[in-house]
Amino acid sequence: MEVDCAYDGEEALEKLRANEYDMVLLDIMLPKLDGLSVCQQIREFSDVPIIMLTAKGDDMDKILGLEYGADDYITKPFNILEVKSNIINAGDMKIDCDSRNLYIAGRPINLTAKEFDLLELLAVNPGKVYSRDNLLKAVWGQDYSGDGRTVDVHMRRLREKIEDNPSEPKYVHTKWGVGYYFNV
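Report follows, based on the coordinates. (Residues numbered from 1 in each chain as written. Predicted model: local features only at pLDDT ≥ 70, side-chain atom pairs only at ≥ 80, totals over all residues. Heavy atoms only, no water.)

**Some remarks on unusual backbone geometry**
Stated formally: A run of H or I in DSSP counts as a helix once it spans at least four residues, and a run of E counts as a strand once it spans at least two, with each numbered from the N terminus.
Despite not being glycine, Lys32 shows a phi value in the positive range, around 70 degrees. With respect to the helices, strands and loops of the structure, Lys32 is situated in the loop between strand S1 (24–26) and helix H2 (35–42). In this model, Arg100 sits at a positive phi of 60 degrees, which is unusual for a non-glycine residue. In this structure, Arg100 sits in the loop between strand S5 (93–96) and strand S6 (101–104).

Have a look at this one:
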């Protein structure tokens with residue numbers, strides 16, 4: 001994940017107007033401009049998901065946060081798993097591992113289950129080269145009796161769906177004589 005930090009409400013609004021974000025974690029108690037005001041102003045120009053993250057945990061604070069446009073409300077202290085998202089961004093590719101959706105330049109790409117499994121495994125470990133046998137075991141399972149050409153066929157189909165030019169791949173590359181790897 002790439003993360004930007006703003007140390008007060010005004011800086012948060014400046015960053016949000018100048019950049020595109022997948023999500024905003026917003027504290028209510030901020031210097032210069034409080035989080036509720038920031039949330040309200042963000043909603044005037046963006047529908048980015050906003051999660052209010054604050055020590056103020058009474059019901060009225062939660063209701064206010066949601067009324068001002070927040071999508072969710074988490075009180076501190078919290079478990080990091082409450083806010084962790086399982087999304088891989090690589091170039092113009094966005095892989096949502098939880099919903100198993102793939103987007104390239106904002107456009108949804110339909111993959112089969114095995115194509116998604118291959119892409120996810122490679123993207124989670126960018127630069128790591130996987131042999132056909134390693135991919136067979138990881139994606140098809142230890143007991144699969146097919147051969148390595150199964151991987152080649154799936155990789156060819158995957159590249160046809162995700163690459164502008166499959167013979168000159170941008171995402172899924174071949175290390176000749178070794179295997180496949182992901183890199184942008």
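**Some words on the packing of helix H4 (residues 113–124) against helix H6 (residues 149–162)**
Here is the rule we go by: The axes used here are C-alpha line fits, helices contributing only the stretch in contact, and every angle between their N-to-C directions lies in the interval 0 to 180 degrees. Orientation categories follow fixed angle ranges, with anything under 35 degrees roughly parallel, anything over 145 roughly antiparallel, 65 to 115 roughly perpendicular, and all other angles oblique. Residue contacts are counted whenever heavy atoms from the two residues lie within 4.5 Å of one another. Charged means Asp, Glu, Lys or Arg here, nonpolar means Ala, Val, Leu, Ile, Met, Phe, Trp, Tyr, Cys or Pro, and polar covers whatever is left, Gly included.
Put simply, H4 and H6 touch, their axes get as near as 10 Å, and they point 80 degrees apart. Relative to H6, the element H4 is oriented roughly perpendicular. The segment H4 lies against H6, with Lys114, Glu115, Leu118, Leu119 and Leu122 engaging His154, Met155, Arg157, Leu158, Lys161 and Ile162. Split into classes, the residues belonging to the contact of H4 with H6 amount to six nonpolar, one polar and four charged.

**Some points on the sheet that holds S6**
Put simply, the test is: Any two strands with at least two DSSP-identified bridges between them are counted as paired.
The strand order S4-S5-S6-S7 describes an open sheet built from four strands, whose pairing is antiparallel. The open sheet terminates on both sides in strands that have one partner only, identified here as strand S4 (87–90) and strand S7 (107–109). If you compare each strand with its neighbour and ignore which way they point, the axes differ by 25 degrees on average.

**Here's the deal with the environment of Asp22**
What counts, and what does not: Throughout this description, a polar contact denotes any pair of N or O atoms lying within 3.5 Å of each other; where both atoms belong to protein, one of them has to be capable of donating a hydrogen while the other can accept it, and for residues adjacent in sequence the pair is counted only when both atoms sit in side chains.
Examined against the element boundaries, Asp22 turns out to sit in the loop between helix H1 (9–18) and S1. C-alpha separation for the pair Asp22 and Arg157, spaced 135 residues apart in sequence, amounts to 29 Å. Once you skip the residues sitting within four places of it in the chain, Asp22 turns out to touch Val48, Pro49, Asn89 and Lys94. Polar contacts involving the side chain of Asp22 include one to the side chain of Asn89, which spans 3.3 Å.

**Things to note about the side chain of Glu163**
Along the chain, Glu163 falls in the loop between H6 and strand S8 (172–175). Discounting residues that sit within four places of it in the chain, Glu163 has contacts with Pro169, Lys170, Tyr171 and Val172.

**Observations concerning the nonpolar core**
Stated formally: Note on terminology: a nonpolar core comprises buried Ala, Val, Leu, Ile, Met, Phe, Trp, Tyr and Cys residues joined through side-chain atoms within 4.5 Å. Each residue's exposure class comes from its accessible area (1.4 Å probe, protein chains only) as a fraction of the maximum for that residue type: buried when under 20%, exposed when over 50%, partly exposed otherwise.
Judged by nonpolar contacts, the single largest core of 27 residues is most densely connected at Met93, Ile95, Leu119, Met155, Ile162, Val172 and Phe182. Put simply, the parts of the chain that give this core at least two residues each are S4, S5, S6, H4, helix H5 (132–140), H6 and strand S9 (179–182). With near-sequence residues (within four places) excluded, Leu119 lies in contact with Met93, Ile95, Leu102, Leu111, Leu158, Ile162, Val172 and Phe182. Grouped together as the second largest cluster of nonpolar side chains are 16 residues, Leu13, Val24, Cys39 and Met52 included.

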